[in-house]
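# Residue-level structural notes
Letter by letter, the chains look like this.
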Amino acid sequence: MERLPRDVVLDILSRLPVTTLAQSKSVCRSWRSIIQGSVLVDKHLLRMSEPENDPCIIFQSPPPILDHYYFVDFGAYSERYKRLKSFWVSTMHGKLVASSNGLLCFCNSSAIHICNPLTRDSVELPKLSSDPAELGIVGFGFSPTTKEYKVLDIIYQRKGLRSDSHLAPFQSKVRIFTHGDSQWRSLGMAPYQFIGRQSQVTVSGRLHWISQPGEDLMKDRIISFDLTAEQFQAVPLADHVTLNRRFFELVALRGHLCVAASNASCGLDIWVMKEYNVKESWVKEFIIGGYLPKELRSTNGRIPFFKPDFSAVCSFKGGKILLKLWRKDLVLYDPVHETFEDPMFEGALQWHEMVVHVGSLVSI
């Protein structure tokens, strides 16, 4: 490749799976210099972030060994047989919060970390003062406009007891940290109360959560936070979108914001917002029936009265969707043939948390 023009070499290397690219650094000094250079790192990250490329998955081991992780690059192997890459990252046993643009965010009761699991680079953010009685939600994302990584901290604290002895509503406080700054900034109060940090989904440079229902159970249920403008906004749901009012979740599939709601067959109905923030662009694209994990199937393939539910994780360029069962089993669904298959992992896999990840060699 020494005789090839540099731009051709960069283009070839930018198409490699991130695990292959990382291994290629050992070929020679010139390759190492190119692969670690910011030009290739940015070009590779941009290409891997495109919706037509398959993502990676990061699995966090169960307690008490939270600093142990598994990395699966779905673009590097055949669709069914996956190789697990085991690694350790020192994050003070933090809980895996989110992945964004090649980096991961972790938090525990005393610290928040950002790291790249492939380069092992890690940075601890400035400490936040908080009360043990406060309930917190941490968000993490990348602004494609300003090219900045940002961490959002939302805390809720009850105002006290009402005169009728019932708990009063929460009051909120929002703080944000931009990577590269020296301190957190206050954004005032959040106009919504969100349902857990695990509802976070990032699409179009915005973080998304599900909010607590008000008097109108479906009004303002999906809330976005624009990482560039640093503002909250309700995402419109079309009138024709029918959801289980209490049991639905957010997911990003091929770069689109989606809502997945349980259906009558203990499966999923997945609504896709084809054009972001356009109310009438919601389409019910997938109707997935119930599924029984392999270890619970009887000899005739059925077990009466047992119908586990599941959630959508991500989709692949072949059209298949990775689903997570309530027992933390994983299964691939083929929407064309309406069939299920169990992905095979080379190595033991026990996990506590998981995130969809774009693998990169970006430096912190």
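Residues numbered from 1 in each chain as written. Predicted model: local features only at pLDDT ≥ 70, side-chain atom pairs only at ≥ 80, totals over all residues. Heavy atoms only, no water.

Per an unreviewed UniProt entry, the protein chain goes by the name F-box domain-containing protein and belongs to Hibiscus sabdariffa.

### Some remarks on the packing of aromatic side chains
Evaluated as defined, the whole model comprises 8 aromatic pairs. Ring geometry for Tyr69 against Phe106: centres 5.3 Å apart, planes inclined by 65 degrees, an arrangement best described as edge-to-face. Linking Tyr69 in strand E2 (residues 68–73) with Phe106 in strand E6 (residues 103–107), this pair joins segments that are 37 residues apart in sequence. You'll find Tyr69 and Phe106 in the same group, each marked buried. Consider the rings of Tyr333 and Phe340, whose centres lie 5.0 Å apart with planes at 45 degrees: the pair is tilted. (Phe/Tyr/Trp six-rings, centres within 6.5 Å; stacked < 30°, edge-to-face > 60°. Helix = DSSP H or I, 4+ residues; strand = E, 2+ residues; numbered from the N terminus. Buried < 20%, exposed > 50% of the residue type's maximum accessible area, 1.4 Å probe, protein only.)

### Some remarks on the packing of helix H3 (residues 29–36) against helix H4 (residues 38–48)
Running from amino to carboxyl end, H3 crosses H4 at an angle of 60 degrees, the nearest separation of the two axes being 4 Å. Relative to H4, H3 is oriented oblique. Between H3 and H4, the residues in contact are Ile34, Ile35 and Gln36 and Ser38, Leu40 and Val41, respectively. (Axes fitted to C-alpha atoms, helices over the stretch in contact; angles between N-to-C directions. Parallel < 35°, antiparallel > 145°, perpendicular 65-115°, else oblique. Contact = heavy atoms within 4.5 Å.)

### Considering H4
Those residues of H4 lying buried are Leu40, Val41, His44, Leu45, Arg47 and Met48. An end-on view of H4 places all buried positions within 165 degrees of arc, on one side of the element. Away from the buried face of H4 by more than 90 degrees, exposed residues Ser38, Val39 and Leu46 are located. As for H4, its buried residues are in contact with helix H1 (6–14), helix H2 (18–24) and H3. (Arc of directions from axis to C-beta.)

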